[in-house]
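Read off the chains here:
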Amino acid sequence: MPITTADKPKKILLLNGPNLNLLGERQPEIYGQTTLPEIIALVRQRVAQADRGLEVEDFQSNHEGHLIDFIQARRKQTCGIIINPGALTHSSIALRDCLAALDGVPIIEVHLSNIYAREEFRHHSYIAPIARGQITGFGPKGYLLGLEALLDLI
Ligand code: CA2
């Protein structure tokens, strides 16, 4: 049977890890004043504007396993991922393995702060080697920069 565009995965997952639900409420000197719902709205707006028949599904969790369950449940419909794994960036082999199992799905790693300009323990990312690219230090704009890269890849 021929593969039609109707069968193609259409979901862009916009994922955020632990504590990113607090954006805009605490530590604005590091993470800025924009809230997570505002960032999600900006990403959705740009995807709608692209008019490519793509849909955004967003998810934030403070729990590693919940993020993994969410990604696994959507693996067949997913064409790309933008993820800020929060502190799981520096600790989670399980999240990396889950993302790596999505064969061929481009993954863009985003960080609001410049992780290389901060404490040494933030300089290592378990996600970076399996990501298509990493954007770090541009605040909320990083999500949109990541989205532009993703739209070129899918
Ligand atoms: O810069 C980033 O986006 C980080 O992924 C943010 C993580 C941090 O562990 C990473 O090293 C870099 C922390 C997210 C915490 O978010 C908060 C937001 C507002 C107030 C408190 C925490």
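Residues numbered from 1 in each chain as written. Predicted model: local features only at pLDDT ≥ 70, side-chain atom pairs only at ≥ 80, totals over all residues. Heavy atoms only, no water.

Of regular secondary structure, the protein possesses five helices and five strands. Written out in order from the N terminus, the α and β elements of the protein read β-α-α-β-α-β-α-β-β-α. For 154 residues, the compact-globule estimate of 2.2 N^0.38 gives 15 Å, and the protein sits close to it at 15 Å. Principal-axis analysis of the C-alpha atoms gives the protein an extent of 55 × 30 × 25 Å. When each of the 154 residues of the protein is scored for burial, the buried share is 42%. Sequence separation of 24 or more characterises 76% of the internal contacts of the protein that already satisfy a separation of 6 or more. Seen as two clouds, the 15 positive and the 17 negative side-chain charges of the protein have centres 4 Å apart. (Helix = DSSP H or I, 4+ residues; strand = E, 2+ residues; numbered from the N terminus. Rg over C-alpha atoms; globule rule 2.2 N^0.38 Å. Buried < 20%, exposed > 50% of the residue type's maximum accessible area, 1.4 Å probe, protein only. Contact = heavy atoms within 4.5 Å. Lys, Arg positive; Asp, Glu negative; His and termini not counted. Charge placed at Lys NZ, Arg CZ, Asp CG, Glu CD.)

Right, let's get into the packing of aromatic side chains. Geometry of an aromatic ring pair is reported as the spacing of the ring centres plus the angle between the planes. Under the criterion given, the structure shown has one aromatic pair. The ring of Phe70 is capped by Arg74, whose NZ or CZ atom sits 3.7 Å from the centre of that ring. (Phe/Tyr/Trp six-rings, centres within 6.5 Å; stacked < 30°, edge-to-face > 60°. Lys NZ or Arg CZ within 6 Å of the ring centre and 35° of its normal.)

Once that is clear, we can look at the site of the ligand. Near the ligand you find 17 residues, and of these Asn84, His90, His111, Leu112 and Ser113 are the closest. Arg122 is positioned such that a nitrogen or oxygen atom in its side chain is 2.9 Å from an oxygen atom of the ligand. (Near = heavy atom within 4 Å. Polar contact = N/O pair within 3.5 Å; in protein donor to acceptor, adjacent residues only side chain to side chain.)

With that settled, consider helix 3 (residues 64–73). When helix 3 is considered as a whole, its buried residues turn out to be Leu67, Ile68, Phe70 and Ile71. On an axial view of helix 3, the arc spanned by its buried residues comes to 160°, and they lie on one face. The inward-facing, buried residues of helix 3 contact strand 1 (11–16), strand 2 (55–60), strand 3 (78–84) and helix 4 (93–100). (Arc of directions from axis to C-beta.)

In the structure shown here, the tally under the stated rule is zero disulfides. Looking at Cys79, it has no disulfide partner, and the nearest cysteine sulfur is the one in Cys98, 16 Å off. (Disulfide = S-S within 2.5 Å.)

So, about the environment of Leu99. Tracing the backbone shows Leu99 in helix 4. For Leu99, a relative accessible area of 1% puts it in the buried group. Between the C-alpha atom of Leu99 and that of Ile71, which follows or precedes it by 28 residues, the distance is 7.8 Å. Aside from chain neighbours lying at most four places away, what touches Leu99 is Ile71, Ile81, Ile83, Ile107, Ile127 and Ile130.

Within the secondary structure, Ser91 sits in the loop between strand 3 and helix 4. The class of Ser91 is partly exposed, set by a relative accessible area of 48%. Spatially, the C-alpha atoms of Ser91 and Ser125 are 7.9 Å apart, while their sequence positions differ by 34 residues.

What follows is about the nonpolar core. If you look at the biggest cluster of nonpolar residues, it comprises 21 residues, and the most contacted ones within it are Ile12, Leu14, Val43, Val47, Ile82, Tyr143 and Leu147. Considering every element that reaches this core, the biggest residue donor is helix 2 (residues 36–50), with five residues. Those residues within four positions of Leu147 in sequence are excluded, and the remaining contacts are Ile12, Val43, Arg46, Val47 and Ile82. Ranked by size, the runner-up nonpolar core spans 17 residues in total, among them Leu13, Phe70, Leu102 and Ile127. (Core = buried A, V, L, I, M, F, W, Y, C linked by side-chain atoms within 4.5 Å.)

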